[in-house]
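# Coordinates in review
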Amino acid sequence: MGIKSEIENKTRKLVIVANAKFKTNLVLSDILYRRMPVTYAYAIYDAGNFYIKYSTIRLEKYPKEMLKDTIPHEVAHLIGIYLSVLTSRKGDTAHGPLWKSMCLALGGIGEIYSKHRLTPRYYQYIDSGGHIQYVTLKYHNEMQNNYRVLNLSNGETIKAADFSKDIY
Ligand SMILES: [Zn+2]
């Protein structure tokens, strides 16, 4: 079983568990993926639909952490959004005490885990000529989030898909 199907199965199971625990009727519309370098995942509420978007970059590198911590973290966010948007009950939409207690109740660690991880010093890319290049977070985000293509002084280019690894 691939990591994506493990993530999907556990996410859907945990939504059912959360609905029973918190007496909600949250329906997860879809599970999305994107190559986000810094963020593990997002809980999204859009036009009446609930989604979780997972980072494929983080998933490749930290599959166990994603399965164990990220899923309860995001499902707790969804329940918080559900409660505050669709019910008269109180729900945290960020990392407040209600979110934390729900995250813990769902088997998570109740922390903003990205804070506990080292920030890479540089990001390694392989340019269009096959050379190794290092860029800072600013340019890394420009490529990953804004799909910018960088022109290098050696005449080559780098873009989002050329990302190779974090350098600590
Ligand atoms: Zn969060």
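These numbers come from a predicted model, not from an experiment. (Residues numbered from 1 in each chain as written. Predicted model: local features only at pLDDT ≥ 70, side-chain atom pairs only at ≥ 80, totals over all residues.)

### What about the overall build of the protein?
Counting its secondary structure elements, the protein contains five helices and eight strands. In the protein, the order of α-helices and β-strands from amino to carboxyl end is α-β-β-β-α-α-α-β-β-α-β-β-β. Projected onto its principal axes, the C-alpha positions of the protein cover 60 × 30 × 30 Å. Of all 168 residues assigned to the protein, the portion counted as buried reaches 25%. In the protein, the proportion of contacts linking residues at least 24 apart, taken out of those at least 6 apart, comes to 49%. (Helix = DSSP H or I, 4+ residues; strand = E, 2+ residues; numbered from the N terminus. Buried ≥ 20, exposed ≤ 12 C-beta atoms within 10 Å, placed from the backbone. Contact = placed C-beta atoms within 7 Å.)

### Structural notes on the environment of Gly-96
Mapped onto the secondary structure, Gly-96 falls in the loop between helix H3 (63-86) and helix H4 (97-105). Sequence separation between Gly-96 and Gly-80 is 16 residues; the distance between their C-alpha atoms is 9.8 Å.

### A look at the sheet that holds strand E5 (residues 132-135)
Overall, antiparallel pairing links the three strands, which are arranged E5-E4-E8 in an open sheet. Since the sheet does not close on itself, it has two edges, and those belong to E5 and strand E8 (163-167), each with one partner. Between one strand axis and the next, the sheet turns through 30° on average, direction left out of account. (Pairing = 2+ DSSP bridges. Axes fitted to C-alpha atoms, helices over the stretch in contact; angles between N-to-C directions.)

### Focus: the sheet that holds strand E1 (residues 28-34)
Read across the open sheet, the three strands follow the order E1-E3-E2; overall the sheet is mixed. In this open sheet, the two strands that pair with only one neighbour each are E1 and strand E2 (41-46). The average angle at which neighbouring strand axes cross in this sheet is 20°, direction not considered. Pairing between E2 and strand E3 (residues 49-55): six bridges, direction antiparallel. Looking at E3, one finds that Ala-43 is bridged to Ile-52. Its contacts with the sheet place helix H1 (residues 3-22) against E1 and E3, and it is angled at close to 145° to E1.

### Details of the domain arrangement of the protein
Domains assigned within the protein are domain 1 (3-105) and domain 2 (122-167). Between the C-alpha centres of domain 1 and domain 2 there is a distance of 30 Å. (Domains from an automatic or database assignment.)

### Quick word on the nonpolar core
In summary, soluble globular proteins display a tendency toward joint burial of nonpolar side chains. Counting residues in hydrophobic clusters, the biggest one holds 23 residues, and the most contacted among them are Val-75, Ala-76, Leu-78, Ile-79 and Leu-106. Here this core takes nine residues from H3, the largest share from any one element. With near-sequence residues (within four places) excluded, Ala-76 lies in contact with Trp-99, Met-102, Cys-103, Leu-106 and Gly-108. (Core = buried A, V, L, I, M, F, W, Y, C linked by C-beta atoms within 7 Å.)

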